[in-house]
Amino acid sequence: QVQVTESGGGQVQAGGSLRLSCAFTGSIAHLAGIGWYRQAPGKQRESVGFIPTGGTADYADSVKGRFTISRDFAKNTVTLQMTSLQPEDTAVYYCKGRGRPTTTWAYVDYWGQGTQVTVSS
């Protein structure tokens, strides 16, 4: 089985920074692209950014220049560094990785459990 563990998050004042981490462990043969998503109360889940196996990360316009995604291929982890946070960034943040477990040739989407980020004004 594949486990996804998110960490980080919390509460911060506007202008502050937070770092989220996501680790994919267990029986995973290959981890392809990984994305970060967020869902604010009463709103649909939206993409924050995506990092492929090769190339550079891409970001939503709302976070471009403030958020940075990086990944450690050896450890199958990804981080979301968030700076200049604003109250509108308040949401539950999720990571999602597309990976292939060792038991099959098919790729599956694996979601983290979500972590709350609250930005106060």
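### Remarks on the pairing of strand β9 (residues 91–101)
Piece 1. For β9, a buried count of nine out of eleven residues is recorded, marking the element as mostly surrounded by other parts of the structure.
Piece 2. Relative to β9, strand β4 (residues 28–39) runs antiparallel, the two sharing nine bridges. The residue bridging Trp 36 from the neighbouring strand is Cys 95, located in β9.
Piece 3. Pairing analysis gives three bridges linking β9 to strand β11 (residues 115–120), with the strands arranged antiparallel. In the sheet register, Ala 91 faces β11, and the bridge partner there is Val 117.

### What about the packing of aromatic side chains?
Piece 1. What the rule picks out here adds up to two aromatic pairs.
Piece 2. Here Tyr 37 and Trp 111 contribute two aromatic rings whose centre-to-centre distance is 5.1 Å and whose plane-to-plane angle is 50°, an arrangement assigned as tilted. Here Tyr 37, found in strand β4, pairs with Trp 111, found in strand β10 (residues 108–111); they are 74 residues apart in sequence, far enough to count as distant.
Piece 3. Plain terms: the ring middles of Tyr 94 and Trp 111 are 6.3 Å apart, the flat faces sit at 85° to each other, and that makes the pair edge-to-face. Taken together, the residues span a long stretch of sequence, with Tyr 94 in strand β9 and Trp 111 in strand β10 at a distance of 17 residues.
Piece 4. Look at Tyr 94 and you get buried, because its relative accessible area is 15%.
Piece 5. Ring pairs connect the aromatic residues Tyr 37, Tyr 94 and Trp 111, which therefore count as one cluster.
Piece 6. The ring of Tyr 94 carries the charged tip of Arg 45 above its face, separated from the ring centre by 3.8 Å.
Piece 7. A cation over an aromatic ring shows up here: Arg 45 above the ring of Trp 111, its NZ or CZ 4.7 Å from the ring centre.

### Quick notes on the pairing of β4
Piece 1. The buried count for β4 comes to nine of twelve residues, which makes it a mostly enclosed element.
Piece 2. Of the pairings in the sheet, the one linking β4 to strand β5 (residues 46–51) comprises five bridges and is antiparallel in character. Bridge assignment links Gly 35 to a residue of β5, and that residue is Phe 50.

### What to know about the sheet that holds strand β8 (residues 77–82)
The strands making up a sheet associate through hydrogen bonds between their backbones, and the pairing can be parallel or antiparallel.
Piece 1. Judged by pairing direction, the sheet is antiparallel, and its four strands sit side by side in the order β1-β3-β8-β7 without closing on themselves. In the strand order of this sheet, the two ends are held by β1 (2–8) and β7 (67–72), each with one partner. When strand polarity is set aside, the average angle formed by the axes of neighbouring strands in this sheet is 15°.
Piece 2. Of the strand pairs in this sheet, β1 and strand β3 (residues 18–26) are connected by seven bridges, and their pairing is antiparallel. The residue bridging Ser 7 from the neighbouring strand is Ser 21, located in β3.

What counts and what doesn't
- Residues numbered from 1 in each chain as written.
- Predicted model: local features only at pLDDT ≥ 70, side-chain atom pairs only at ≥ 80, totals over all residues.
- Heavy atoms only, no water.
- Buried < 20%, exposed > 50% of the residue type's maximum accessible area, 1.4 Å probe, protein only.
- Helix = DSSP H or I, 4+ residues; strand = E, 2+ residues; numbered from the N terminus.
- Pairing = 2+ DSSP bridges.
- Phe/Tyr/Trp six-rings, centres within 6.5 Å; stacked < 30°, edge-to-face > 60°.
- Lys NZ or Arg CZ within 6 Å of the ring centre and 35° of its normal.
- Axes fitted to C-alpha atoms, helices over the stretch in contact; angles between N-to-C directions.

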